[in-house]
Amino acid sequence: EHKPVFRWDKVLDYFSKDPEFTKTFKVVLMRYDSTGSLEDEVEDAKKAIPALSKSSGDKPVTIIALSMGGNIVQGALTDASVGKCVERAICLGTPFHGSPLFSPDWFQYSLAKYTPITRLVNSLDYRLYFSRHKNYQQLLKWDNVDGSIPQAGRFHSLTPLGPRGVLTISRDSNPRLTKTNEEVAKDKIIAYAGYLLNPDIMTATAKHRMESFVLAPYRFFTIRVPAQLGREQPALKVLNREISRMKGVDESGHETRRYSLNDGITPISSALFLSPDVVRNHSIVHEADLHLLRDLVDIKLGRVFRNIDHITFVEGSPPHRGSTALKDELHPEDGRRPIFEWMLDEVMVRNQADRKDDELASQ
């Protein structure tokens, strides 16, 4: 682990400044191997979480988990003994249904539709990165909850070293996640989803097309080049565009896109742990589609934040360097505040009305 406190230092520093939090909670970090077997980590969590509760006098446990950490919690909650001692599990950007990004042949197949230079660079980048992170492709492939993975068979690009593979539903889908999703109790889960703005979710007007053309050189030097140099947030912006353009199929076999709203890793349908019926019957492609979700979320609570990426949840600052005051697109009546404040209020079970009462009392 190369990050101090597993990347939770900024969150914990923010939380520790709240007297109510420090009086109520003791923080325990759970170490797991993100390069190892998800099944092994889940089994460890099934033992560790009840043991933690028991060691503190059977006090309830509140969990905050980022990304794959949420998948470990998801798997652990299939055990009733874990569910009994967990009060709530706040999962941030977790790919509950996996991510199309981690389905290698499908991702390569989508790249084959790009221009020659773009598909060559993106394909080589993808293969190089995942040659060192194969476990994500094994553990977090898309579970095909929406039936979108094409049955394309063998494919290859005419570009030398370009995309190639064998795309079939059985090779690129994730039955393990499907099984876990059928077994887990969802009433403990609070899920945060984010998405970045990109031209694929903006209105396709002549003005936006012209802006996209004019800004292309600027985006190349401010996003593509830093991403090639290994900078995390520019890389997530690149991945956000590529996930948005992944080619799926609908029930009629026609080509479609479903994942424009994503945080650079996880589509919001996956981060919100939407049910199979909702994912299949409600295509959430544009921001205007979000209003459909409010009454369709079947976990304890789901929140969606605009124009943030996968690591904003632990970095605190959105990648656009604009306002840090974020609005939940599903519950706009709850107001705006920094992402860490949203998380802290979730931990403390405070809502917007409680906050206003507290502010009035302090005055």
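In what follows, the structure referred to is the one given above.
Residues numbered from 1 in each chain as written. Predicted model: local features only at pLDDT ≥ 70, side-chain atom pairs only at ≥ 80, totals over all residues. Heavy atoms only, no water.

Further remarks concern the pattern of salt bridges. For the structure shown, the criterion picks out 22 salt bridges. E315 is the salt-bridge partner of K10, the closest N and O atoms lying 2.7 Å from each other. Note that K10 is positioned in helix α1 (residues 9-16) and E315 in helix α15 (residues 312-315), a separation of 305 residues in sequence. E315 sits in the partly exposed class, given a relative accessible area of 26%. Of the charged contacts in the structure, one is a salt bridge between K17 and D13, with a shortest N-O distance of 3.5 Å. A cluster of three or more residues bridged by salt bridges with shared partners is formed by D18, E20, R337, E341, D345 and R350. (Salt bridge = Lys/Arg side-chain N within 4 Å of Asp/Glu carboxyl O. Helix = DSSP H or I, 4+ residues; strand = E, 2+ residues; numbered from the N terminus. Buried < 20%, exposed > 50% of the residue type's maximum accessible area, 1.4 Å probe, protein only.)

Looking now at the packing of helix α3 (residues 38-55) against helix α4 (residues 68-76). α4 packs onto α3 with a crossing angle of 65° between their chain directions and a minimal axis gap of 8 Å. Along this stretch, α3 crosses α4, giving a crossing that reads as right-handed. On the side of α3, the interface is formed by L38, E41, V42, A45, K46 and I49, while α4 contributes M68, N71, I72, G75 and A76. Of the residues belonging to the contact of α3 with α4, the class tally is seven nonpolar, two polar and two charged. (Axes fitted to C-alpha atoms, helices over the stretch in contact; angles between N-to-C directions. Left-handed = near helix turned anticlockwise from the far one by under 90°. Contact = heavy atoms within 4.5 Å. Nonpolar A, V, L, I, M, F, W, Y, C, P; charged D, E, K, R; others polar.)

Here helix α6 (residues 104-111) crosses helix α7 (residues 116-130) at 165°, and the two axes come no closer than 9 Å. With respect to their mutual orientation, α6 and α7 come out roughly antiparallel. The chirality of how α6 crosses α7 is right-handed. Here α6 contributes P104, F107, Q108 and L111 to the contact with α7, which in turn contributes R119, N122, S123, Y126 and R127. Its residues assigned to classes, the contact of α6 with α7 shows four nonpolar, three polar and two charged. (Parallel < 35°, antiparallel > 145°, perpendicular 65-115°, else oblique.)

The next subject is the packing of aromatic side chains. With the rule as written, the count across this model stands at 12 aromatic pairs. A centroid spacing of 5.2 Å and a plane angle of 65° characterise the contact between F15 and F21, whose relative ring orientation is edge-to-face. Taken together, a centroid distance of 4.4 Å and an interplanar angle of 15° make the contact between F107 and Y126 stacked. Taken together, the residues F107 in helix α6 and Y126 in helix α7 connect sequence positions 19 residues apart. We classify F107 as buried; its relative accessible area is 1%. (Phe/Tyr/Trp six-rings, centres within 6.5 Å; stacked < 30°, edge-to-face > 60°.)

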